[in-house]
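Secondary and tertiary structure notes
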Amino acid sequence: MIVHPAQFGHQLSLNENPYGPLPSVRAALTGALVEANRYPEFLPRRLPGLIAARLGHAPDRVVVGAGATGVIMHILQEFVTPGAAVVMATPTFDGYPLLTDTVGGRVVAVPLTHDGHQDLQAMSAAVDHHTAVVVLCSPHNPTGTCIRHGALAEFLERTDPSVTVVFDEAYIDFVPPCDRADTVALVDRHPNLVVMRTFSKAYGLAALRVGYAFGSAPVIARIRRWQLPFGMTALAEAGVRACYAAEDELALRTETITRECGRLTAGLRELGYRVPTSAANFVYLSGCPAELDRVRAGFARDGIQVKHCATGIRITVGDTAATAAVVTAAR
Ligand code: PMP
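Residues numbered from 1 in each chain as written. Predicted model: local features only at pLDDT ≥ 70, side-chain atom pairs only at ≥ 80, totals over all residues. Heavy atoms only, no water.

Observations regarding the confidence of the model for the chain
- Here the chain shows a mean pLDDT of 95. Residues at 70 or above account for 98%.
- Below pLDDT 50 for its whole length, residues 1-6 participates in 4 contacts with residues either more than four positions away or in separate chains. (pLDDT = per-residue confidence, 0-100. Contact = heavy atoms within 4.5 Å.)

Describing helix 4 (residues 95-102)
- Residues Gly-95, Tyr-96, Leu-99 and Thr-100 constitute the buried set of helix 4. Along the axis of helix 4, the buried residues cluster in a sector spanning 125°; they form a single face. Opposite the packed face of helix 4, turned more than 90 degrees from it, sit the exposed residues Leu-98 and Asp-101.
- Check the buried side of helix 4 and you find it contacts helix 3 (67-79), strand 3 (85-90), strand 4 (106-111), strand 5 (131-137), strand 6 (164-168) and strand 7 (193-198).
- Positive backbone phi, at 85°, marks Gly-104, one or two positions downstream of helix 4. (Buried < 20%, exposed > 50% of the residue type's maximum accessible area, 1.4 Å probe, protein only. Helix = DSSP H or I, 4+ residues; strand = E, 2+ residues; numbered from the N terminus. Arc of directions from axis to C-beta.)

Quick look at the site of the ligand
- Neighbouring the ligand are the residues Gly-67, Ala-68, Thr-69, Phe-93, Asn-141, Asp-168, Ala-170, Tyr-171, Thr-198, Ser-200, Lys-201 and Arg-209.
- Asn-141 places a side-chain nitrogen or oxygen 2.7 Å from an oxygen atom of the ligand.
- For the ligand, a nitrogen atom lies 2.6 Å from a polar atom in the side chain of Asp-168.
- Protein chains shield 93% of the accessible area of the ligand, which is 400 Å² for the free molecule. (Near = heavy atom within 4 Å. Polar contact = N/O pair within 3.5 Å; in protein donor to acceptor, adjacent residues only side chain to side chain. Areas by Shrake-Rupley, 256 points an atom, 1.4 Å probe, with all protein chains shown as cover.)

Things to note about the domain arrangement of the chain
- Looking at the assigned domains, one finds that the chain contains domain 1 (5-20 + 247-330) and domain 2 (23-244).
- If you average the C-alpha positions of domain 1 and of domain 2, the two centres end up 25 Å apart.
- Facing 22 residues of domain 1, the contacting portion of domain 2 comprises 23 residues.
- Taken together, the two surfaces of domain 1 and domain 2 that pack against each other cover about 1800 Å², and 53% of this comes from carbon and sulfur.
- Summed over the three residues of domain 1 that lose the most area to domain 2, namely Glu-247, Leu-250 and Ala-279, the buried surface amounts to 28% of that side.
- Where domain 1 meets domain 2, there are 2 salt bridges.
- For Lys-307, the salt bridge is made with Asp-94, and the minimal N-O distance between the two is 2.4 Å.
- In this assembly, domain 1 and domain 2 are joined by 10 residue pairs in polar contact (both at pLDDT 80 or more).
- Only helix 10 (247-270) and strand 9 (282-286) provide two or more residues apiece to the side of domain 1 that touches domain 2.
- Split by residue class, the side of domain 1 that touches domain 2 holds 10 nonpolar, 8 polar and 4 charged. (Domains from an automatic or database assignment. Buried area = accessible area lost by both parts, 1.4 Å probe. Salt bridge = Lys/Arg side-chain N within 4 Å of Asp/Glu carboxyl O. Nonpolar A, V, L, I, M, F, W, Y, C, P; charged D, E, K, R; others polar.)

Right, dumping it as structure tokens:
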């Protein structure tokens with residue numbers, strides 16, 4: 001039998017949750033499988049209703065999709081006409097440049113600041129009359145840095161309301177509540193703001209493909225026009241319902257990942273690497289090209305899969321064994 005080294009390494013390239021579904025969530029999913037012969041809802045009503053109730057919003061202010069990726073696709077399909085500009089940081093979540101390209105939009109990429117933050121002044125300066133959408137992420141992928149409430153509020157105040165602002169909170173459940181922007185309040189004030197979230201990360205349901213956006217009812221109605229009939233699985237609804245019922249247990253797992261993130265950051269900094277403080281389930285290691293090449297070779301040798309970016313390496317937080325393996329390989 002040929003043994004591939006990566007099978008014995010660590011899969012740390014996709015910002016997945018290292019823990020499988022809780023027993024109660026697994027039981028709910030197994031229960032839903034019994035009715036796999038039945039179609040799900042034609043267009044999802046119950047699932048967005050469930051999420052909206054959690055947020056304290058009306059159901060018509062939430063749209064669900066095949067992961068946040070699916071919803072992002074529909075946002076770009078609706079708001080980006082061919083040749084229109086989409087302003088985003090670089091590097092950012094690969095889905096944004098990729099899907100902008102798919103819909104015929106033009107990526108306007110604004111470099112991060114030297115300490116891994118999105119440069120909000122430069123991003124505002126990059127917005128012009130060709131701009132259809134601006135994308136901000138908090139925490140940002142790949143650096144894990146956050147945008148504070150005040151900075152987001154100011155950004156929205158100076159952005160023309162005809163520009164749709166996508167505020168991506170895929171990793172928000174890892175952020176302490178006191179550090180989160182009050183996006184639920186901001187969407188009331190700014191009808192051009194759309195907030196993205198997902199069940200793929202802290203909730204650990206990446207395989208089920210459940211993401212959502214919330215915003216003003218008219219904007220959400222426009223995004224919903226692109227939904228695929230029968231496009232959301234019955235498992236998605238069962239999984240989300242079970243996760244909401246097990247929120248306390250899941251929060252303990254999130255706390256474990258956050259603690260491990262702190263250990264990984266400290267371990268890499270002790271070795272002399274520059275690592276921004278991350279509020280998510282990954283860290284970003286940057287350095288000079290020669291230094292990065294050496295680390296990349298160490299990870300490849302030890303079968304540690306990470307995400308390579310032009311300016312650094314993004315490493316997903318795994319369990320304690322994964323942290324030890326990463327620090328050893330980076331040494
Ligand atoms: N937004 C950001 C910032 C991400 O990092 C990701 C996944 N890497 C997504 C959205 C998409 O997540 P999903 O489609 O699994 O919900």
